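Single-letter residue listing:
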Amino acid sequence: GGGGLPSPRRPPSHGKKVAVCDFVKPSPPGTTWGLGGTCVNVGCIPKKLMHQAALLGEGMTDAESFGWEVAAPKHNWETMVGNVQGHIKSLNFGYRSDLMSNGVKYYNAYATFLDPHTVEAVDKKGKVTKITASEIVICTGGRPRYPDIPGAKELGITSDDVFALKSPPGRTLVVGASYVALECAGFIKGVGYDTTVMMRSIPLRGFDQQMAGLCKTYMQEHGVAFIEGAVPTAVEATPSGAKKVSWKLADGSVGSGEYDTVLFAIGRDVCTSAIGIDKAGVKLSSNGKVPTVNEQTNVPHIYAIGDIIDGEALNPPSATTELTPVAIQAGKLLADRLYAGKSALMDYSMVATTVYTPLEYGAVGLPEEEAIKLHGEDNIEVYHSYFKPLEWTLPHRGDNVCYAKLICLKPEGERVIGLHVCGPNAGEMTQGFAVAIKAGATKAHFDDTVGIHPTVAEEFTLLATTKRSGDSAEKSGC
């Protein structure tokens, strides 16, 4: 995946022999995929493309307000999936070609440790190859977790399957409220299918909860139903072909409903339990992840990258180790330290990310709750504003639905330690601001910057209302 593929492309240029082992065990419904890892095959890439499909449908509806005379949009799931999978296969081919051109030996085989310097790779035909290496990098990622209830694996799917689903999902129940859950629910609803989200507790755990609430409210206002405080207890097949899902609510009451597709997005388990990692002497945390220092495990010549790193064990702790660009960067820097004589270390702090819910949410730095917990409420100033993008005015879409806020550390000259935005193109905005925040930008730097008008991003150059003041952050006009 993202951590594994950048790492081996550098050593060959320094005269080192490199091999990559990659093998995807089929998901319970039987889905498998090619080289590239989660992001390319069953994550960021297909997710963003299907999110774009939903946005295009919304845009076609808006078009009438701009004078376009268009028929009511009709979506073809099979066409979308076919084109998305075609693009993914082209990426798979590109990665294979890239490894070949860089002189990297590729094994489409499942590798397990035999000892600290040796792995055994078994391909789909059962052919066994033993490989020894002076350094080994583990970047096996994670796979979606199923609940331990009757019928879950037999009748449910996960994000491993939805992007290659050959027939339309129909009435869909998404179990979970992680970013994976809400993103999938968003695009499934966005292309025209009844969608319900079952959530046990809070949406987008680990993210700023005010922003998470805005994402959830927007989804509800646009037709996504939520069953709150509930956990599934069973999935059963019905004579009609639908799946009957039973659940239990926090107050002890029970309920049930029938759906065509049940998608579980309740978390992921790292792939460290079935690779013989104990034979290599690598220690694991209680959560199955690998504690590291600068990607190095307790075994000096064995390294770990990506999802499998225990972010809580880092100094300082980080919740960003599961992001693909983080793994890519860590892999490049590790290879350069090992073989190019460089010394740059991976910095897991101030990493930007975006949740591609129907109302996109971009963030870099600390959630407001975490900032207050770390620094104390008296030392935090939050500047915020609701707003409405100009493009939303003619279709008369929601007033003051979008929102921006800067979280500033007062004792350090109001240095920005958190930036959060809900609105169109949130990822594009956040990526740009992340550079400034990484460089130590203060509120004054934002104030001194002349905005581009009319854009959504200029809201950050105009923020004047603080939460502490109690004044309304809603606005009118442009």
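The structure contained in this document is the topic of the report that follows. (Residues numbered from 1 in each chain as written. Predicted model: local features only at pLDDT ≥ 70, side-chain atom pairs only at ≥ 80, totals over all residues. Heavy atoms only, no water.)

1. Examining the packing of aromatic side chains
Here is step 1: With the rule as written, the count across this model stands at eleven aromatic pairs.
Here is step 2: Ring geometry for phenylalanine 163 versus phenylalanine 187: centroids 5.9 Å apart, planes at 35°, classification tilted. On the criterion of sequence distance, the pair formed by phenylalanine 163 in the loop between α5 (159-162) and β8 (172-175) and phenylalanine 187 in helix α6 (residues 179-190) is long-range, its members being 24 residues apart.
Here is step 3: For phenylalanine 163, a relative accessible area of 3% corresponds to the buried category.
Here is step 4: Judged by relative accessible area, phenylalanine 187 falls into the buried class, the value being 2%.
Here is step 5: A network of ring pairs unites the aromatic residues Tyr179, Phe207 and Tyr361 as a single cluster.
Here is step 6: Sitting over the ring of phenylalanine 226, lysine 216 keeps its end group 5.2 Å from the ring centre. (Phe/Tyr/Trp six-rings, centres within 6.5 Å; stacked < 30°, edge-to-face > 60°. Helix = DSSP H or I, 4+ residues; strand = E, 2+ residues; numbered from the N terminus. Buried < 20%, exposed > 50% of the residue type's maximum accessible area, 1.4 Å probe, protein only. Lys NZ or Arg CZ within 6 Å of the ring centre and 35° of its normal.)

2. What about the sheet that holds strand β13 (residues 254-259)?
One key point about sheets: their strands pair by backbone hydrogen bonds, in either a parallel or an antiparallel sense.
Here is step 1: Overall, antiparallel pairing links the three strands, which are arranged β11-β12-β13 in an open sheet. Across the chains shown, the open sheet's two edge strands, defined by having one partner strand only, are β11 (230-237) and β13. The mean inter-strand angle of the sheet, taken between neighbouring strand axes irrespective of direction, is 25°.
Here is step 2: As judged from the seven bridges shared by β11 and strand β12 (residues 243-249), these two strands associate in the antiparallel manner. Across the sheet, proline 232 pairs through a bridge with tryptophan 247, a residue of β12. (Pairing = 2+ DSSP bridges. Axes fitted to C-alpha atoms, helices over the stretch in contact; angles between N-to-C directions.)

3. A short note on α6
Here is step 1: Compared with an ideal rise of 1.5 Å per residue, which puts twelve residues at 16 Å, α6 spans 16 Å between its outermost C-alpha atoms and is within 8% of the ideal.
Here is step 2: Three or more residues of α6 are buried, namely Ala181, Leu182, Glu183, Cys184, Ala185, Gly186, Phe187 and Ile188.
Here is step 3: Remark: glycine 192 follows α6 within two positions and exhibits a positive phi of approximately 115°. (Expected span 1.5 Å × (residues − 1).)

4. Some points on the pairing of β12
Here is step 1: Two successive antiparallel strands, β11 and β12, enclose a turn made up of five residues, where glycine 241 displays a positive phi of approximately 100°.
Here is step 2: Both β12 and β13 contribute to a ladder of six bridges, which runs antiparallel. The residue bridging serine 246 from the neighbouring strand is serine 256, located in β13.
Here is step 3: The loop that links β12 with its antiparallel partner β13 comprises four residues; one of these, glycine 252, has a positive phi angle of about 95°.

5. As for the pairing of strand β18 (residues 361-365)
Here is step 1: The element β18 is largely enclosed, with a buried count of four among its five residues.
Here is step 2: Two elements, strand β17 (residues 353-355) and β18, share three bridges in a ladder whose sense is antiparallel. Paired with threonine 354 across the two strands is glycine 362, which belongs to β18.
Here is step 3: With antiparallel pairing between neighbouring strands as the criterion, β17 and β18 make up a hairpin whose turn holds five residues.
Here is step 4: Alignment of β18 against strand β21 (residues 415-422), held across five bridges, turns out to be antiparallel. Bridged to glycine 365 within β21 is glycine 418.

6. What about the pattern of salt bridges?
Here is step 1: Per the counting criterion, the structure on display carries 18 salt bridges.
Here is step 2: When the shortest N-O distance is used, the salt bridge between lysine 216 and glutamate 228 registers 2.9 Å. Here lysine 216, found in helix α7 (residues 209-221), pairs with glutamate 228, found in strand β10 (residues 225-228); they are twelve residues apart in sequence, far enough to count as distant.
Here is step 3: Between lysine 467 and glutamate 368 there is a salt bridge, with the nearest N and O atoms lying 2.7 Å from each other. You can see lysine 467 sitting in the segment after α12 (459-462) and its partner glutamate 368 sitting in helix α9 (residues 368-375), a full 99 residues away along the chain.
Here is step 4: Residue class for lysine 467 comes out partly exposed when judged on its relative accessible area of 30%. (Salt bridge = Lys/Arg side-chain N within 4 Å of Asp/Glu carboxyl O.)

7. Topic: the sheet that holds strand β9 (residues 195-199)
Here is step 1: Strand order in the open sheet formed by four strands is β10-β9-β8-β14, with parallel pairing between adjacent strands. Two strands in the sheet have a free side with no partner beyond their single neighbour: β10 and β14 (261-264). The mean inter-strand angle of the sheet, taken between neighbouring strand axes irrespective of direction, is 20°.
Here is step 2: In terms of strand pairing, β8 meets β9 through four bridges, oriented parallel.

8. A look at a nonpolar patch on the surface
Here is step 1: Residues Phe66, Trp68, Val70 and Leu394 make up a contiguous nonpolar surface patch of roughly 430 Å² in combined accessible area.
Here is step 2: With respect to the helices and strands, valine 70 occurs in the loop between α2 (44-63) and α3 (77-101).
Here is step 3: What makes valine 70 partly exposed here is its relative accessible area of 36%. (Patch = residues over 30% accessible without salt bridge, like charges linked within 9 Å, V, L, I, M, F, W, Y side chains within 5 Å. Areas by Shrake-Rupley, 256 points an atom, 1.4 Å probe, with all protein chains shown as cover.)

9. Details of the environment of methionine 429
Here is step 1: Assignment of secondary structure puts methionine 429 in helix α10 (residues 426-438).
Here is step 2: Distance in space between the C-alpha atoms of methionine 429 and alanine 457 is 6.0 Å, their sequence separation being 28 residues.
Here is step 3: Look past the residues within four positions of methionine 429 in its chain and what remains in contact with it is Val421, Pro424, Val456 and Ala457. (Contact = heavy atoms within 4.5 Å.)

10. Some thoughts on the state of the cysteines
Here is step 1: Tallied over the full model, the rule gives zero disulfides.
Here is step 2: Looking at cysteine 139, it has no disulfide partner, and the nearest cysteine sulfur is the one in cysteine 21, 10 Å off.
Here is step 3: Not part of a disulfide, cysteine 402 finds its nearest cysteine sulfur in cysteine 422, a span of 7.8 Å.
Here is step 4: Classification of cysteine 402 as buried rests on a relative accessible area of 0%. (Disulfide = S-S within 2.5 Å.)

11. Some thoughts on the nonpolar core
Here is step 1: Of all hydrophobic cores here, the largest spans 70 residues; its most connected members are Tyr361, Phe446 and Phe460.
Here is step 2: Residues contacting phenylalanine 460, with those up to four places away along its chain left out, are Ala404, Lys405, Leu406, Leu419, His420, Val421, Phe433 and Phe446.
Here is step 3: Phe113, Ala121, Ala280 and Ile309 belong to the second-largest nonpolar core, a separate cluster that totals 29 residues. (Core = buried A, V, L, I, M, F, W, Y, C linked by side-chain atoms within 4.5 Å.)

12. Here's the deal with the layout of surface pockets
Here the idea is plain: a probe the size of a water molecule rolls over the atoms and shows the empty space left.
Here is step 1: Considered as a void within the structure, the second largest pocket measures approximately 590 Å³ in volume.
Here is step 2: Lining the second largest pocket are 31 residues, and of these Ala53, Ala54, Gly57, Gly190 and Val191 sit closest to its centre.
Here is step 3: Of all the secondary-structure elements, those providing two or more residues to the lining of the second largest pocket are α2, α3 and α6.
Here is step 4: If you tally residues by element for the lining of the second largest pocket, the top one is α2, at ten residues.
Here is step 5: A breakdown of the residues in the lining of the second largest pocket according to their chemical character gives 15 nonpolar, twelve polar and four charged. (1 Å grid on protein atoms, 1.4 Å probe; cavity = no way out; pocket = protein on both sides within 12 Å on 5 of 7 lines; lining within 4 Å. Points joined across faces, edges and corners; volume = space filled by probe spheres on them. Nonpolar A, V, L, I, M, F, W, Y, C, P; charged D, E, K, R; others polar.)

That is the geometry; function is a separate question.
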